Amino acid sequence: MFVHMVLFKIKKRNVPVYAADCKLWEREAGKQKGFAGYHTLFRTNEKDQVASFYMWKSEKDHVRFMKKHHDRLVSLSSCPVEVLGYYNFKT
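Rules used in this analysis
- Residues numbered from 1 in each chain as written.
- Predicted model: local features only at pLDDT ≥ 70, side-chain atom pairs only at ≥ 80, totals over all residues.
- Heavy atoms only, no water.
- Helix = DSSP H or I, 4+ residues; strand = E, 2+ residues; numbered from the N terminus.
- Buried < 20%, exposed > 50% of the residue type's maximum accessible area, 1.4 Å probe, protein only.
- Polar contact = N/O pair within 3.5 Å; in protein donor to acceptor, adjacent residues only side chain to side chain.
- Contact = heavy atoms within 4.5 Å.
- Expected span 1.5 Å × (residues − 1).
- Arc of directions from axis to C-beta.
- Core = buried A, V, L, I, M, F, W, Y, C linked by side-chain atoms within 4.5 Å.

**Regarding the side chain of Gln-49**
No. 1: With respect to the helices and strands, Gln-49 occurs in strand β3 (residues 49-56).
No. 2: Classification of Gln-49 by relative accessible area gives buried; the value is 12%.
No. 3: Only 2.6 Å separates the side chain of Gln-49 from the side chain of Arg-43, close enough to count as a polar contact.
No. 4: For Gln-49, the contacting residues outside a window of four places in its chain are Leu-7, Phe-8, Leu-41, Phe-42, Arg-43 and Leu-84.

Set out below in structure tokens:
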């Protein structure tokens, strides 16, 4: 299992827009080979920080998705976000 997580700073008023963007990303990822799941995580000890957590069967599946869909999905996303970090994990 490969996990890709992105930590964002998002103003509270933009959370509904972020949630809609997440559904767009999750819907597209769900159509791809190797996709295993998605979660939105809200930090409890830091204000306005939210993480998108994607699970893939392999890193290769994740890389294929990012190469093919990342730029298009970013252009379709409408929530103003500040990226605080990218994290990759293997189990």
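Alright, that's what it looks like, and here's the rest.
**Details of helix α1 (residues 15-30)**
No. 1: For α1, which comprises 16 residues, the first-to-last C-alpha distance of 22 Å matches the rise-based estimate of 22 Å (1.5 Å per residue) to within 8%.
No. 2: Within the sequence span of α1, burial applies to Tyr-18, Asp-21, Cys-22, Trp-25, Glu-28 and Ala-29. Seen from one end, α1 has its buried residues packed into an arc of 130°, which puts them on one side. The outward face of α1, more than 90 degrees from its buried face, is lined by the exposed residues Pro-16, Lys-23 and Arg-27.
No. 3: Residues of α1 that are buried sit in contact with β1 (2-9), β2 (35-42), β3 and α2 (59-76).

**Observations regarding the nonpolar core**
No. 1: Ranked by size, the top nonpolar core spans 16 residues in total, and within it Ile-10, Tyr-18, Phe-35, Tyr-38, Tyr-54, Trp-56 and Phe-65 carry the most contacts.
No. 2: At the level of secondary structure, the elements contributing two or more residues to this core comprise β1, α1, β2, β3 and α2.
No. 3: At 4 residues, α1 tops the list of elements feeding residues into this core.
No. 4: If sequence neighbours within four positions are ignored, Tyr-54 has contacts with Phe-2, Val-3, His-4, Trp-25, Glu-26, Phe-35, Gly-37 and Tyr-38.
No. 5: Grouped together as the second largest cluster of nonpolar side chains are 6 residues, Met-5, Ala-51, Phe-53 and Met-55 included.

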